[in-house]
Amino acid sequence: MPRKKYLWGKMETKKVRFSLKLKILLSIVALLFLAIWTNLYFATDIFLKDKTSYIYETGLNRSQQLTSKLTSKINDYINKTVLYSLVNKVAPAKLATIIDSEKDLLFYAVSSLDGKTNEIFLKNKSDEFKKITSKIDGANFTFEKVFGLYRKDQGQEIQVYSTTNKFKVPSLVAFVKNEGANELYAIGLSLHLIKSEFKTDNIFHNILIDNDGNSFLNDVSDIEDAKSYINEILENPISKGTREVKSRIGKDLLISFIKYEDFNINVISGITKKRAFLVAQKLLEKAVIFGVGLMALSIILGTLLSFSITKPISSLLEGTRNVAKGMFDKKIEVKTKDELFILGDSFNYMSSEIQSLLESKEVIIEELRVAQAKLEDYSKNLEKMVEQRTIELKRANDFMAAMVDSLDQGLMVFDKNNMCNERYTKACEDIFGIIPAGKSVTSVLGIDQEKDISAFNSWSSILFSEKIPFNSSVQLGPQNKVFGENVDDEGFKFIELEYFPMRNDDGAIGNIVAVATDKTEEVKAREQFKEKEAYVSMILKMINNKRQFFSFLEEVDSSIKLLEKVIKDDGEFEISQALIYFHSLNGGFGLYSVFNLQQLARTYEQELVELKESGRDISSYGPQLRSNIDHFKNEYSLFLNECSRIFGDNYQESKNSIEIPKSTIEDLYQRAIFANDKEMVEFCYENFVKEPVLSQFKGYAELIQNLATTLNKNIKPVDFKNSELRVDVAKNKELFSVMVHLFRNCVDHGIEHQSERVDLGKDPAGLISVAFQENDNMLEIIVQDDGGGIDPQKIRDKLYSLNPDGSYDDIPDEKIIYHIFDPMFSTAEEVTSVSGRGVGMSAIKDVIDKRGGKIYMKSIVNRGTTFRFSVPLT
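To start, this report covers the structure provided alongside it. (Residues numbered from 1 in each chain as written. Predicted model: local features only at pLDDT ≥ 70, side-chain atom pairs only at ≥ 80, totals over all residues. Heavy atoms only, no water.)

### Some points on the pattern of salt bridges
Here is step 1: All told, the structure shown has 13 salt bridges when counted by the stated rule.
Here is step 2: For the salt bridge of Arg796 with Asp813, the shortest nitrogen-to-oxygen distance reads 2.8 Å. Placement of Arg796 in helix H25 (residues 792-802) and of Asp813 in helix H26 (residues 813-816) is noted, with a sequence separation of 17 residues between them.
Here is step 3: For Asp849, the salt bridge identified is with Lys845, shortest N-O distance 2.9 Å. Residue Asp849 and its partner Lys845 are both found in helix H27 (residues 840-850); the two are separated by four residues, about one turn of the helix.
Here is step 4: Of the residues examined, Asp849 reaches a relative accessible area of 43% and is grouped as partly exposed.
Here is step 5: The class of Lys845 is partly exposed, set by a relative accessible area of 33%.
Here is step 6: Within the structure, one salt-bridge network assembled from shared partners comprises Glu752, Arg757, Lys762 and Asp786. (Salt bridge = Lys/Arg side-chain N within 4 Å of Asp/Glu carboxyl O. Helix = DSSP H or I, 4+ residues; strand = E, 2+ residues; numbered from the N terminus. Buried < 20%, exposed > 50% of the residue type's maximum accessible area, 1.4 Å probe, protein only.)

Structure below.
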């Protein structure tokens, strides 16, 4: 057997281009350099951007401050000019006295507009005003106009000028022309203080220019370098801003500017980038020096680390050379106390084991020779044995195939790659309409969505790996395949699926058998039975509660009419009212198991809830709401036709009739003979108009039991008290109908589950009682349950979630619970088909308020709640 060539074959070792020590060192240096450079780059970038923003903001503040002071000074001078003109007009003798007190005044003048008469007083070196002669009308006065027309009112035209030509001092000249009096007044005032503000700034260089680029308060040399960007600023339409510019001498500047259009002035404040970022430059230099020092230290530490790693590796390399030479008794020593030490110890152990194996190889070789001889003898007879076994297996397979194909069930076998093999029954073709052989299981089952295919593959992987017991994991896969949307579809099929493992000799799952059984007819029969059962239940409820049902139909007619009136011509509508009507229709039709109309009302109600929560424009939903109402009316019309089949064609007339016992009619006859008219009216009212109140509440007893079954709760039959009390149903019809919401809430929110009641020491079965009584010409309905009661803290928590700025802690517990009657208020964590929308209880309050009635409520946590509704009898 040829011997393998190792790296050090023939005792020669190949040279390594890059040593491990060098790679470790270079890696540390590269990573550190990248980390330092990245940190410096991003830190510097963030710092410079922040510094730039600060400089711009400070510059704008400075420009704004200078502009404010300048405009304030101009306004002050203008007001003084107007004042002097008024003083001269009223008391000319006092004008000189007032002007002498002005320290900043350079000159003042009074003249006619034509310039024929004038008086000009100029301040000399002794701060005394000396009279000179000069024309000062608007045309001949020799001052450069800067600020233009400032304002013109009450016959006065006021102009402001600035000059340094005549008086050698920065000044403002203000004119007041009085056309009516043919007079002109002017004063000139010093701008020394303003110039000082512009010149003494220790940070920014400030410039004051007009819209033509002329400079004021600055020497020409001060703005010579700024001319490269002044025109760009003046042409810019914005009134204030910041930017970075380059001056004529190549300096980068950060400037801020403000334009004051009323006075035709522009203030610019600038600073060089070098000066602005001087501190940042120093910090960057220090950071670079620190980074270089850190890299030098890392190189030293990296050298020591690489040496501690490569030295043990050299010892291991020397040991491999010894093993290659057959010197198994030479051991290697690794002094480090880490994984390399363990590697060295393992190498010594391996060397000892190799030596032991070599010593025993002769015995193994001899045993292999004997085994080889036996194998040769077996091989001579193997071909005949295989041929005979193949014939037997073929016969068995043919027999099994004939049996399997005779079954109605579809059987197919797939492997761990989810591919079906050649074994399947003919029934598969009829069931799935496809030949499974060579195709994936997902394609046979009609699984074509990518996410569903991925889920099937994950489930199959779990089956074959048996990470979870097969009997448990098989339940996670598809248990059936349905073709068609519902049982009425022409191509509807319901295929039940089962899976069985096929194990290899080692007990592992090699393949899985999928068994498909067509359960279509059974499912169709079950659905038809449910439909008939539901239909029978609906008819029984309507017949057993005929009077209440007819009253409900009248309420439906009224609700539909009100719904149609909710929508205005422009598409606007009151969404809360529409919600109440659909919610009532949902509950009412559910009471009589009219599921198609109940579902329709519930769907439209949910659409309105989502619309209200979304905050979208309500009017855009108006056409859809109108279409929903029309659709509901059509479906309701079909239902009324069905009612005609159940109650007869004249049931519409019987809705307004009352069944009266014969004895009552006879009694009425006798009374008609002997009684006067007043008594007859009273008698008819009591017997023909009024009905026992139980006739309107009897259906609620069944509703409560049905809801209890749905919610898995145990509730005793409703305890009715004084149920024979006769009431005027017509006046209370709306109240009796809306009570459905109260009973649904009593079952859902009030009565606890059986286990909770037992833990609280209560009767496992809950109780709801309803009592009726007349009191001071008022009808009182008292509904009481012995459930969990209303928790005031939950009410407060919900109120704070709806209105965090509210104040509810000071409201007593006995009053806070009345908030359950607020519109759209519910403490339910999720909306269910029973309750949770916050509409039902507010609907009850609306009816009570409409009748002029009152609501009284008392609730004790874990003991129950009592509702007392009081409405007028008449």
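### Thoughts on the environment of Asp809
Here is step 1: Considering the arrangement of structural elements, one finds Asp809 in the loop between H25 and H26.
Here is step 2: Since its relative accessible area comes to 55%, Asp809 is described here as exposed.
Here is step 3: With 12 residues separating them along the chain, Asp809 and Asp797 place their C-alpha atoms 9.9 Å apart.
Here is step 4: Residues in contact with Asp809, not counting those within four places in the same chain, are Arg796 and Tyr800. (Contact = heavy atoms within 4.5 Å.)

### Some thoughts on the packing of aromatic side chains
Here is step 1: A full pass over the atoms with the stated rule returns 21 aromatic pairs.
Here is step 2: Plain terms: the ring middles of Phe549 and Tyr592 are 5.1 Å apart, the flat faces sit at 75° to each other, and that makes the pair edge-to-face. Of this pair, Phe549 sits in helix H14 (residues 546-566) while Tyr592 sits in the loop between helix H15 (575-591) and helix H16 (595-614), and the two are 43 residues apart along the sequence.
Here is step 3: Among the residues examined, Phe549 registers a relative accessible area of 0% and is labelled buried. (Phe/Tyr/Trp six-rings, centres within 6.5 Å; stacked < 30°, edge-to-face > 60°.)

### Quick look at a negative patch on the surface
Here is step 1: Together, Asp569, Asp570, Glu572 and Asp617 line one region of the surface with negative charge.
Here is step 2: Relative accessible area serves as the criterion here: at 86%, Asp569 is assigned to the exposed category. (Patch = residues over 30% accessible without salt bridge, like charges linked within 9 Å, V, L, I, M, F, W, Y side chains within 5 Å. Areas by Shrake-Rupley, 256 points an atom, 1.4 Å probe, with all protein chains shown as cover. Lys, Arg positive; Asp, Glu negative; His and termini not counted. Charge placed at Lys NZ, Arg CZ, Asp CG, Glu CD.)

### Notes on the sheet that holds strand S22 (residues 778-785)
Here is step 1: Sheet architecture is open: five strands sit in the order S19-S21-S22-S24-S23, paired in mixed fashion. Each having just a single partner strand, strand S19 (719-721) and strand S23 (854-860) make up the two edges of the open sheet. With strand direction ignored, the average angle separating the axes of adjacent strands in the sheet is 10°.
Here is step 2: Direction of pairing for S19 relative to strand S21 (residues 768-774): parallel, over a ladder of three bridges. (Pairing = 2+ DSSP bridges. Axes fitted to C-alpha atoms, helices over the stretch in contact; angles between N-to-C directions.)

### Some words on a nonpolar patch on the surface
Here is step 1: On the surface, a nonpolar cluster with roughly 700 Å² of combined accessible area is contributed by Phe33, Leu34, Trp37, Tyr41, Phe42 and Ile46.
Here is step 2: With respect to the secondary-structure elements, Trp37 resides in helix H1 (residues 20-90).
Here is step 3: In this structure Trp37 comes out as partly exposed when scored by relative accessible area, which is 49%.

### Some thoughts on the packing of helix H23 (residues 740-750) against H27
Here is step 1: Look at H23 against H27: their axes get within 8 Å of each other, and the N-to-C directions meet at 145°. In this structure, H23 meets H27 at a crossing whose hand is left-handed. On H27, the residues touching His741, Leu742 and Asn745 of H23 are Gly840, Met841, Ala843 and Ile844.
Here is step 2: The residue inventory of the contact of H23 with H27, partitioned by class, reads four nonpolar, three polar and no charged. (Left-handed = near helix turned anticlockwise from the far one by under 90°. Nonpolar A, V, L, I, M, F, W, Y, C, P; charged D, E, K, R; others polar.)

### Quick look at the nonpolar core
Here is step 1: Formed by 88 residues in total, the largest nonpolar core has its most connected members in Phe589, Phe639, Met739 and Ile781.
Here is step 2: Grouped together as the second largest cluster of nonpolar side chains are 23 residues, Phe432, Val444, Leu463 and Val474 included. (Core = buried A, V, L, I, M, F, W, Y, C linked by side-chain atoms within 4.5 Å.)

### Thoughts on the sheet that holds strand S14 (residues 420-424)
Here is step 1: Strand order in this open sheet of five strands is S14-S13-S17-S16-S15, and the pairing throughout is antiparallel. For this open sheet the edge positions go to S14 and strand S15 (480-483), each flanked by a neighbour on one side alone. The average angle at which neighbouring strand axes cross in this sheet is 25°, direction not considered.
Here is step 2: Sheet analysis places strand S13 (residues 410-414) next to S14, joined by two bridges and oriented antiparallel. Within the sheet, the bridge partner assigned to Met412 lies in S14 and is Tyr424.
Here is step 3: Here helix H11 (residues 450-465) sits on the sheet in contact with S13, strand S16 (493-503) and strand S17 (509-518), set at roughly 125° to S17.

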